Amino acid sequence: MSRLEFQSRRQAGLAALYLGVFATIWFSVPAAEQPLRALLVVASGAALVTAVVGAVVVARSRATAVDVARDRAADRRYLLIVLAEFAAAGLGAVLLALVGWSEFIPVLVCAVVGLHFFPLVPVLRDPVLWLLGAAMCVVALAGLVTALATAVSAGLVVGTGAGLLLLAYAVLVLLRAARQP
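Residues numbered from 1 in each chain as written. Predicted model: local features only at pLDDT ≥ 70, side-chain atom pairs only at ≥ 80, totals over all residues. Heavy atoms only, no water.

Undergrad: Honestly, the nonpolar core in this entry has me stumped. Any pointers?
TA: General note: in soluble globular proteins, nonpolar side chains tend to be found buried as a group. Judged by nonpolar contacts, the single largest core of 42 residues is most densely connected at Cys110, Phe117, Met136 and Leu166. Those elements that place two or more of their residues in this core are helix 1 (9-27), helix 2 (36-60), helix 4 (72-98), helix 5 (105-124), helix 6 (128-149) and helix 7 (154-179). Top contributing element to this core by residue count: helix 7, with 11 residues. Dropping the residues within four chain positions of it, leucine 166 is found in contact with Leu19, Phe22, Ala23, Trp26, Phe117, Leu132 and Met136. (Core = buried A, V, L, I, M, F, W, Y, C linked by side-chain atoms within 4.5 Å. Buried < 20%, exposed > 50% of the residue type's maximum accessible area, 1.4 Å probe, protein only. Helix = DSSP H or I, 4+ residues; strand = E, 2+ residues; numbered from the N terminus. Contact = heavy atoms within 4.5 Å.)

Undergrad: What am I meant to see in the packing of aromatic side chains here?
TA: Centre distance and the angle of the planes are the two values used to describe a pair of aromatic rings. One pass over the full model with this rule turns up 1 aromatic pair. When the ring of phenylalanine 118 is compared with that of tryptophan 130, the centres are 5.2 Å apart and the planes differ by 35°; the resulting orientation is tilted. One end of the pair, phenylalanine 118, is in helix 5; the other, tryptophan 130, is in helix 6, and 12 residues separate them in sequence. Here tryptophan 130 falls in the partly exposed class, since its relative accessible area comes to 46%. (Phe/Tyr/Trp six-rings, centres within 6.5 Å; stacked < 30°, edge-to-face > 60°.)

Undergrad: Hey, could you run me through the side chain of glutamate 85 in this one?
TA: Residue placement: glutamate 85 occurs in helix 4. For glutamate 85, a relative accessible area of 12% gives the class buried. Aside from chain neighbours lying at most four places away, what touches glutamate 85 is Val112, Val113 and His116.

Undergrad: Which parts of the structure should I look at to understand a nonpolar patch on the surface?
TA: A grouping of Leu91, Val94, Leu95, Leu98, Val99 and Trp101 is seen on the molecular surface, where their side chains present a nonpolar patch of about 660 Å² in accessible area. Topologically, valine 99 is positioned in the loop between helix 4 and helix 5. (Patch = residues over 30% accessible without salt bridge, like charges linked within 9 Å, V, L, I, M, F, W, Y side chains within 5 Å. Areas by Shrake-Rupley, 256 points an atom, 1.4 Å probe, with all protein chains shown as cover. Salt bridge = Lys/Arg side-chain N within 4 Å of Asp/Glu carboxyl O.)

Undergrad: What is the right way to look at the layout of surface pockets in this model?
TA: Empty pockets left among the atoms are what a rolling probe the size of a water molecule brings to light. Volume-wise, the largest pocket comes out at about 750 Å³. Where the lining of the largest pocket is concerned, the elements lending two or more residues are helix 1, helix 4, helix 5 and helix 7. Split into classes, the residues belonging to the lining of the largest pocket amount to 22 nonpolar, 3 polar and 4 charged. (1 Å grid on protein atoms, 1.4 Å probe; cavity = no way out; pocket = protein on both sides within 12 Å on 5 of 7 lines; lining within 4 Å. Points joined across faces, edges and corners; volume = space filled by probe spheres on them. Nonpolar A, V, L, I, M, F, W, Y, C, P; charged D, E, K, R; others polar.)

Undergrad: Teacher, can you tell me more about helix 2 here?
TA: Because the α-helix completes a turn every 3.6 residues, residues three or four places apart line up on one side. Taking 1.5 Å per residue as the helical rise, helix 2 with its 25 residues ought to reach 36 Å, and the 36 Å between its terminal C-alpha atoms agrees with that figure. Of the residues making up helix 2, those classed as buried are Leu40, Ala43, Ser44, Ala47, Thr50, Ala51, Gly54 and Val58. As for helix 2, its buried residues are in contact with helix 1 and helix 7. (Expected span 1.5 Å × (residues − 1).)

Undergrad: Would you explain the confidence of the model for the protein chain in this entry?
TA: When pLDDT is averaged along the protein chain, the result is 89; 91% of the residues meet or exceed 70. Between the elements of the protein chain, mean pLDDT differs from a low of 54, seen in helix 3 (residues 65-69), to a high of 97, seen in helix 6. For residues 1-6, every residue scores under 50 in pLDDT, and the model assigns this stretch 17 contacts once sequence neighbours within four places are set aside. (pLDDT = per-residue confidence, 0-100.)

Next up, the structure:
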């Protein structure tokens, strides 16, 4: 049994809300031809629906003992991790743009996002984040290798892969929350 099942419905709703929004953003990264473009639009719509469902879960959930017990130190660690993630991704993106390697910005951002899940595991008490983080790093690597070895853009590989991973995790969180008593 995963510790994820002990998260409150409210926390699950927040996770689905945030990751649904970010999945939507990732699905908008690739410039793709039809029919892939249509599939990305459908996936983006599904991610938005997932985010809305997450928001509804949050709105309908009362704060539980798990929510109240979250300490300020954990909240600070969460904030510091997310701020470090945004700073690293932003600075890295600027540097890649300055040296003329803008095509690799999605690769860098995906890798940073994947890496940020690792220190979040103990903060959010969710061991499944190890898998999500590792999978995001693999997607970043696949995007890099594909862009270097073929004519396929890194953004196509990374945007599609990251969007699918974040959407899948958001749906998983909602399904596990729905099974809770």
